[in-house]
Amino acid sequence: MDDTTRALFDAALRVQEHAHAPYSNYHVGCSVLTSSGQIYVGANIENAAYPQGLCAEATALAVMASHGERQAQVVLTVCDSEGLATSCGGCRQKIREFATSETIIHACSRNGLWATYTMDGLLPDSFGPEHLSTA
Ligand code: ZN
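Basis of the calculations
Residues numbered from 1 in each chain as written. Predicted model: local features only at pLDDT ≥ 70, side-chain atom pairs only at ≥ 80, totals over all residues. Heavy atoms only, no water. Helix = DSSP H or I, 4+ residues; strand = E, 2+ residues; numbered from the N terminus. Expected span 1.5 Å × (residues − 1). Buried < 20%, exposed > 50% of the residue type's maximum accessible area, 1.4 Å probe, protein only. Contact = heavy atoms within 4.5 Å. Polar contact = N/O pair within 3.5 Å; in protein donor to acceptor, adjacent residues only side chain to side chain. 1 Å grid on protein atoms, 1.4 Å probe; cavity = no way out; pocket = protein on both sides within 12 Å on 5 of 7 lines; lining within 4 Å. Points joined across faces, edges and corners; volume = space filled by probe spheres on them. Salt bridge = Lys/Arg side-chain N within 4 Å of Asp/Glu carboxyl O.

Engineer: Can you help me understand helix H1 (residues 3-16) in this one?
Structural biologist: Residues separated by three or four positions in an α-helix point in the same direction, a consequence of the helix having 3.6 residues per turn. Taking 1.5 Å as the rise per residue, H1 with 14 residues should run 20 Å; its terminal C-alpha atoms sit 20 Å apart, in good agreement. Here H1 has its buried residues at Thr5, Leu8, Phe9, Ala11, Ala12, Leu13, Val15 and Gln16. On its buried face, H1 is in contact with strand S1 (28-34), strand S2 (39-43), strand S3 (72-79), strand S4 (104-109) and strand S5 (112-118). By the N-cap criterion, in which a side-chain oxygen at the helix start approaches the backbone nitrogen of a residue two or three places on, H1 is capped by aspartate 2, the distance to threonine 4 being 3.2 Å.

Below, the structure is given as structure tokens:
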């Protein structure tokens, strides 16, 4: 794991501790490295009204965008699974909003890196902001 990935992994591990997951007991942390070099983090936040819960990717991206950032270069998730677990379909689309085709997405367990994808690899032939462009 290179230094950048290690920094993202450590940040995601730290924020995973703040997950609010009393219903699933499935804790996820997410870190996002932006084109400006900043790292933003988020954890999954469940709700007693289940569909109102947020995945860690959604909270991290919301924090990133709320700080005025729009370009995710690397996204990393850490979850409690023993084996590989990747972002859900909804989160893949949420990442896509702020990604390029080359944005890197790392899927990790608490023990380390499981798999690395590009945005195009994780969500091929996807719909994105350019499809709504009138330019
Ligand atoms: Zn998700």
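That covers the picture; the talk isn't over yet.
Engineer: Explain the layout of surface pockets to me, please; I cannot follow it from the model alone.
Structural biologist: Gaps left between atoms are located by rolling a probe of water-molecule size over the structure's atoms. The space that makes up the largest pocket amounts to roughly 320 Å³. Residue lining of the largest pocket: 19 residues in total, with Val28, Asn44, Cys55, Ala56 and Glu57 positioned closest to the centre. Of all the secondary structure elements, the ones that give two or more residues to the lining of the largest pocket are helix H2 (56-66), S3 and helix H3 (89-97). It is H2 that provides the largest number of residues to the lining of the largest pocket, a total of 3 residues.

Engineer: Would you explain the pattern of salt bridges in this entry?
Structural biologist: Any two side chains of opposite charge can pair if their charged atoms end up close together. Within the structure shown, the criterion is met by 3 salt bridges. Taking the shortest distance from any N to any O, the salt bridge between glutamate 17 and arginine 110 comes out at 3.3 Å. Here the residue glutamate 17 occupies a position in the loop between H1 and S1, and arginine 110 occupies one in the loop between S4 and S5, the gap between them amounting to 93 residues. Glutamate 17 sits in the exposed class, given a relative accessible area of 54%.

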